[in-house]
Protein chains: 2
Amino acid sequence: MDSTEKKRNFSRKREAILKAVRSTKCHPTAEWVYRTLKPDYPDLSLGTVYRNLAQFKNDGTIVSVGTINGQERYDGNVTPHTHFVCSSCGAVIDIPGRLIDEAQVEKTAEEMHLRVDSWDVLMHGICAKCLHGK
Amino acid sequence: MDSTEKKRNFSRKREAILKAVRSTKCHPTAEWVYRTLKPDYPDLSLGTVYRNLAQFKNDGTIVSVGTINGQERYDGNVTPHTHFVCSSCGAVIDIPGRLIDEAQVEKTAEEMHLRVDSWDVLMHGICAKCLHGK
DNA sequence: AGCAATAAAGATAATTATTACTAACTTGCT
DNA sequence: AGCAAGTTAGTAATAATTATCTTTATTGCT
Ligand SMILES: [Mn+2]
Ligand SMILES: [Mn+2]
Ligand SMILES: [Zn+2]
Ligand SMILES: [Zn+2]
């Protein structure tokens, strides 16, 4: 048995939080998850959302896109893909594929004596909606 | 003349801040710049560092690597390159090259009706120093 | 079902990075 | 030197996230 593994009880709210993150493509913030669930879970606490998101991120159930405009953005889609961030409205949009040469990453890692666990590509620019005036 | 352009006076401290960012490969935080300059500029204020870094970033004089462990990391090297973040010690290390297929980015941008201004590749893992026990 | 052990949550306080404010000080120009 | 506009120090205010602590919920067992 692994001494680092922690027993985890079932939690209705934790399930709801995971479901909420997985239900959207908007790459939500903790705040978004909180606001979304609050009507159905009136006694939900923001701390609970933060705590569980951190937990899910920690064990790889969800992933973080990074901090955009001061807020961490999460993603329930853990299959590797690329992200685009709109500098105007802050939207985070999925781009299919990795756009990167995996073999070259491996080579670079070896050359520089690094252990590479993951990588992400973040594109910046203006989204279609913001480009079209409205 | 462009009405958006603002007159800017010379400032000894602003020059020092830029020089400090350019002098290192550590991808410093505002705090690091402040601590580094403080001995030579005893009345330097942290707000001044933040204000000028934001300004430099804004007009492209320096660039931001993103927010790592809650702190924005800057880079005086504006030629496109890749970054590696050590999950253990937080070091940000330069990786030469872009590792990405520029033509494919262009194609994707057009297909999805996005205007892509820039992109960065961020690798995560364990750095050489942390891998070797110490 | 009742119960003890412990995990999870709610409420709130604390922390931390960053931004805003304002009076005093510089700079660029005449 | 004298003025207008830009910049700073010092400090207060924000805002996201984390920690704490008490209460509640879940689990495994009798
Ligand atoms: Mn995504
Ligand atoms: Mn760099
Ligand atoms: Zn947009
Ligand atoms: Zn390291």
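Residues numbered from 1 in each chain as written. Chains lettered and ligands numbered in written order. Predicted model: local features only at pLDDT ≥ 70, side-chain atom pairs only at ≥ 80, totals over all residues. Heavy atoms only, no water.

### Some points on the relation of the copies chain A and chain B
- Taken as rigid bodies, chain A and chain B are interconverted by a rotation of 180 degrees and an axial shift of 0.0 Å, the fit giving an RMSD of 0.1 Å. Viewed as a symmetry operation, the transformation between the two copies matches a two-fold axis. (Least-squares fit on C-alpha atoms with pLDDT ≥ 70 in both.)

### Structural notes on the pairing of strand E5 (residues 115–126) of chain A
- One ladder, built from four bridges, connects strand E3 (residues 82–86) of chain A with E5 of chain A; its direction is parallel. Opposite Phe84 of chain A, over in E5 of chain A, you have Met123 of chain A as the bridge partner.
- As paired strands, E5 of chain A and strand E5 (residues 115–126) of chain B are joined by eleven bridges and run antiparallel to one another. From the neighbouring strand, Ser118 of chain A faces E5 of chain B, where its bridge partner is His124 of chain B. (Pairing = 2+ DSSP bridges. Helix = DSSP H or I, 4+ residues; strand = E, 2+ residues; numbered from the N terminus.)

### Observations concerning the coordination of the zinc ion (ligand 3)
Residues and elements named next belong to chain A.
- Donor atoms from the polypeptide that coordinate the zinc ion (ligand 3) comprise Cys86 (SG), Cys89 (SG), Cys127 (SG) and Cys130 (SG), at 2.2 to 2.4 Å from the metal.
- The site at the zinc ion (ligand 3) holds four donor atoms, and with the angles between them running 107 to 115 degrees, its shape is tetrahedral.
- Counting residues between consecutive donors of the zinc ion (ligand 3) along the chain gives the motif C-x2-C-x37-C-x2-C. Residue Cys86 is found in strand E3, and its partner Cys127 is found in the loop between E5 and helix H5 (128–131); the two are separated by 41 residues along the sequence.
- For Cys86, a relative accessible area of 2% puts it in the buried group. (Donors = N, O, S within 2.8 Å, 3.2 Å for Na, K, Ca; no water. Tetrahedral: all angles 85-135°; square planar, octahedral: opposite > 155°, others 65-115°. Buried < 20%, exposed > 50% of the residue type's maximum accessible area, 1.4 Å probe, protein only.)

### Focus: helix H4 (residues 102–111) of chain A
- If you check which residues of H4 of chain A are buried, you get Val105, Thr108 and Ala109 of chain A. Taken around the axis of H4 of chain A, the buried residues stretch over an arc of 100 degrees, which confines them to a single face. Away from its buried face, by an angle of more than 90 degrees, H4 of chain A presents the exposed residues Ala103, Glu106, Glu110 and Glu111 of chain A.
- Turning to H4 of chain A, the residues buried within the fold contact E5 of chain A together with strand E4 (92–95) and E5 of chain B.
- Once H4 of chain A ends, the next one or two residues include His113 of chain A, with phi positive near 60 degrees. (Arc of directions from axis to C-beta. Contact = heavy atoms within 4.5 Å.)

### Side note on the coordination of the zinc ion (ligand 4)
All names here are of chain B.
- Surrounding the zinc ion (ligand 4) are the protein donor atoms Cys86 (SG), Cys89 (SG), Cys127 (SG) and Cys130 (SG), which sit 2.3 to 2.4 Å from the metal.
- Coordination geometry of the zinc ion (ligand 4): the four donor atoms subtend angles of 107 to 114 degrees at the metal centre, consistent with an arrangement described as tetrahedral.
- All donors to the zinc ion (ligand 4) come from one chain, and their sequence spacing reads C-x2-C-x37-C-x2-C. Highlighted residues: Cys89 in the loop between strand E3 (82–86) and E4 and Cys130 in helix H5 (residues 128–131), separated in sequence by 41 residues.
- We classify Cys130 as partly exposed; its relative accessible area is 25%.

### Observations concerning the packing of aromatic side chains
- Applying the stated criterion to the full structure yields zero aromatic pairs over all chains.
- Over the ring of Trp119 of chain A we find Arg98 of chain A, and its NZ or CZ is 4.2 Å from the ring centre. (Phe/Tyr/Trp six-rings, centres within 6.5 Å; stacked < 30°, edge-to-face > 60°. Lys NZ or Arg CZ within 6 Å of the ring centre and 35° of its normal.)

### A look at the protein's contact with DNA strand D
- Near DNA strand D there are 18 residues, and of these Tyr50 of chain A together with Lys13, Asp43, Thr48 and Arg51 of chain B occur at the shortest range.
- The sugar and phosphate moieties of DNA strand D supply 83% of its atoms located within 4 Å of the protein.
- Residue Tyr50 of chain A places a side-chain N or O atom 2.5 Å away from a phosphate oxygen belonging to DNA strand D.
- In the model, a phosphate oxygen of DNA strand D is placed 2.8 Å from a nitrogen or oxygen of the Ser11 of chain B side chain.
- Looking at the surface near DNA strand D, the elements that each hand over two or more residues are strand E2 (71–75) of chain A together with helix H1 (12–23) and helix H3 (46–58) of chain B.
- If you tally residues by element for the surface near DNA strand D, the top one is H3 of chain B, at three residues.
- A class-by-class count of the residues in the surface near DNA strand D yields three nonpolar, eight polar and seven charged. (Near = heavy atom within 4 Å. Polar contact = N/O pair within 3.5 Å; in protein donor to acceptor, adjacent residues only side chain to side chain. Nonpolar A, V, L, I, M, F, W, Y, C, P; charged D, E, K, R; others polar.)

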